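Chain by chain, the residues:
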Amino acid sequence: MFEKNKLKNYGLGLGLRTAIQKETLNYIKAETAESCIQWLEIVAENYIYKPKAQLEILKEFMDRGKPIIPHSVNLSIGTAYKSSPRESYDRRLLDGLKDLFKLIQPPWFSDHVSCTRINGFYLQELIPVPFIKESVDTVVDNIKFLEDEFQLPFLIENPSYYSTLIKPEMTESEFLNEILEKADCGLLLDVNNVYVNALNHSYNAMEFLNSLDLSRTVQVHIAGHLEDYQAHLSKRHLKILDTHGEVIKEEVFALFKYLLEKTEVKAVLLERDSNFPEFSNIISELAHVKQLMKESSLIVNN
Ligand SMILES: [Fe+2]
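Since we're looking at a predicted model, the values are computed, not measured.

Student: Got a sec to walk through the overall build of the protein chain? Specific residues and values, please.
Tutor: Looking only at helices and strands, the protein chain has 11 helices and 12 strands in total. Relative to the 2.2 N^0.38 estimate, which gives 19 Å for 302 residues, the radius of gyration of the protein chain is 19 Å and therefore close to what a compact globule would have. Burial statistics for the protein chain: of 302 residues in total, 39% are counted as buried.

So, in structure tokens, the structure goes:
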């Protein structure tokens, strides 16, 4: 049973990425009471089946009091299987994740509501799942299997998407709400994805938040996006692209503030994946996020 109130408050974190790993560790080694990094998120699949020496870095962060929380990209909860998830899931992936989780002892795990594996092949892309009842059942079955397998709470992340593939039977928020309720799981709300989708699919981002079951929000992602993509894709009517490679826009911060007014969250993550600036700029952005968290009474323990 999903019990948000039993989950600890982890405060503010940063995505641990190879390009900024050294700076992140140096920052934590020299940290003061004003530290902006209380935990780290890793892309879980990047840390499985690695030699022990390559996992030492995770232990170093943990030894310095920084929990590591995994975020997956290949659990493919949108994939429909001919037989049960238990018989069809990639056992090598699951066993690799289990070994990793033994090491980092995470409070939860997560992945996007998307499809990344078809007929045993990984697509290396987050393919959107159609907003139809059949998809709800598929996603719910997969989540229930994964929670049973890992004995951990699972969070679904709302992904960014650029097409809806087939005619939807419900709205995006109805779709996510049904999954949350039927799977009895938590939500990893990416506020940048909300903003990107709202602009690209012409709906109001705040109304979208109002229509979501935000009480299940455990974790938040906040990130930047690319706005001048329209020049390249003008015929496809796309306006912005979810890149995690730009500074966070004011409109996304506004959505984040709005969210914090509406519900308590247990962890907030700055998700920077590409086009890395000077590390001091990342820290400045984190400091701004921390300030917003303080203003909304979300406790930030140092
Ligand atoms: Fe995200």
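Student: Account for the environment of Asn-204, with residues named and values stated.
Tutor: Mapped onto the secondary structure, Asn-204 falls in the loop between helix H7 (191–200) and helix H8 (205–211). In this structure Asn-204 comes out as exposed when scored by C-beta crowding, with 10 C-beta atoms within 10 Å. Here the alpha-carbon distance between Asn-204 and Val-194, two residues 10 residues apart in the chain, equals 9.4 Å.

Student: Explain the environment of Asn-5 to me, and be specific about the residues and the numbers.
Tutor: Along the chain, the position of Asn-5 falls in the segment before strand E1 (11–15). Looking at Asn-5, the number of C-beta atoms within 10 Å reads 6, which means it is exposed. Residues Asn-5 and Ala-287, spaced 282 residues apart in sequence, show a C-alpha to C-alpha distance of 26 Å.

Student: Let's hear about the sheet that holds strand E4 (residues 109–112): which residues, and what values?
Tutor: On the basis of which strands lie adjacent, the open sheet formed by 8 strands has the order E3-E2-E1-E12-E9-E8-E7-E4 and parallel pairing. Only two strands of the sheet have a single neighbouring strand rather than two, namely strand E3 (68–71) and E4. Averaged over neighbouring strand pairs, the angle between their axes works out to 25° when direction is ignored. Examined bridge by bridge, strand E2 (residues 39–43) and E3 share 4 bridges and lie parallel to one another. If you follow Glu-41 over to E3, its bridge partner there is Ile-69.

Student: Can you lay out the environment of Asn-192 for me, pointing to particular residues and giving the numbers?
Tutor: Here Asn-192 shows up in helix H7. Remark: the alpha-carbon pair of Asn-192 and Leu-255, spanning 63 residues in sequence, is separated by 8.4 Å. Once you skip the residues sitting within four places of it in the chain, Asn-192 turns out to touch His-221, Ile-222, Ala-223, Gly-224, His-225, Asp-242 and Val-252.

Student: Could you give an account of the packing of helix H5 (residues 133–150) against helix H6 (residues 172–183), naming the residues involved and the relevant values?
Tutor: The interhelical angle for the contact between H5 and H6, taken along N-to-C directions, is 40°, at an axis separation of 9 Å. In the packing of H5 onto H6, the handedness of the crossing is right-handed. Contact residues: H5 offers Val-136, Val-139, Val-140, Ile-143 and Lys-144, while H6 offers Phe-175, Glu-178, Ile-179, Lys-182 and Ala-183. Broken down by class, the residue content of the contact of H5 with H6 amounts to 7 nonpolar, no polar and 3 charged.

Student: Tell me what's going on with helix H4 (residues 91–104), and back it up with residues and numbers.
Tutor: Along an α-helix, residues three or four positions apart point the same way, because every turn accommodates 3.6 residues. The terminal C-alpha atoms of H4, which comprises 14 residues, lie 20 Å apart, in line with the 20 Å expected from a rise of 1.5 Å per residue. Positive backbone phi, at 50°, marks Gln-105, one or two positions downstream of H4.

Student: Lay out helix H2 (residues 52–63) with the relevant residues and their values.
Tutor: Spanning 12 residues, H2 covers 16 Å between terminal C-alpha atoms, matching the ideal 16 Å at 1.5 Å per step. Downstream of H2 by one or two residues, Gly-65 has phi in the positive range, about 85°.

Student: Could you give an account of the pairing of strand E9 (residues 217–222), with specific residues and numbers?
Tutor: Where a strand is regular, its side chains alternate between the two sheet faces. With 6 of 6 residues buried, E9 lies mostly within the body of the structure. When strand E8 (residues 186–190) meets E9, the two strands line up parallel, connected through 4 bridges. Its bridge partner lying in E9, Leu-188 is registered against Gln-219. Of the pairings in the sheet, the one linking E9 to strand E12 (residues 267–270) comprises 4 bridges and is parallel in character. Opposite Gln-219, over in E12, you have Ala-267 as the bridge partner.

Student: Explain unusual backbone geometry residue by residue, including any values.
Tutor: Not every positive phi belongs to a glycine, and Tyr-49 is a case in point at roughly 55°. Here Tyr-49 shows up in the loop between E2 and H2. Look at Tyr-49 and you get exposed, because 12 C-beta atoms sit within 10 Å. Look at Asp-184: it is not a glycine, yet its phi comes out positive at around 55°.

Student: Let's hear about the pairing of E1: which residues, and what values?
Tutor: For E1, the tally of buried residues reaches 5 of 5 residues, placing the bulk of the element in the interior. As defined by bridge partners, E1 adjoins E12 across 4 bridges and the pair is classed as parallel. Paired with Leu-14 across the two strands is Leu-270, which belongs to E12. With helix H1 (residues 21–29) bridging E1 and its parallel neighbour E2, the resulting β-α-β unit is right-handed.

Rules used in this analysis
- Residue positions within a chain follow its written sequence, with the count starting from 1.
- Note on the predicted model: pLDDT of at least 70 is required for a residue's local features to be given, and 80 or more for side-chain atom pairs to be given and counted; whole-chain, interface and lining totals, by contrast, use all residues.
- Starting at the N terminus, helices and strands are each numbered in turn, a helix being any DSSP run of H or I of at least four residues and a strand any DSSP run of E of at least two.
- Radius of gyration here uses only the C-alpha atoms, and the compact-globule reference equals 2.2 Å multiplied by the residue count raised to the power 0.38.
- Exposure criterion: with C-beta atoms placed from backbone coordinates, a residue whose C-beta has 20 or more other C-beta atoms within 10 Å is buried, one with 12 or fewer is exposed, and one in between is partly exposed.
- Here a strand pair is declared whenever DSSP counts at least two bridges between the two strands.
- Geometry is summarised by axes, namely lines fitted to C-alpha atoms with helices restricted to the contacting stretch, and by angles between N-to-C directions that run from 0 to 180 degrees.
- Working definition of a contact: two residues with C-beta atoms, positioned from the backbone, lying within 7 Å.
- Handedness of a crossing follows from how the near helix is turned relative to the far one, being left-handed for an anticlockwise turn of less than a right angle and right-handed for a clockwise one.
- Nonpolar residues are Ala, Val, Leu, Ile, Met, Phe, Trp, Tyr, Cys and Pro. Charged residues are Asp, Glu, Lys and Arg, and all others, Gly as well, are polar.
- By this rule, a helix spans an expected 1.5 Å times one less than how many residues it contains.
- Every crossover in which the path from the first strand over the helix to the second runs clockwise, viewed with the strands pointing away from the viewer, is termed right-handed.

In short, shape yes, function no, at least from these values alone.
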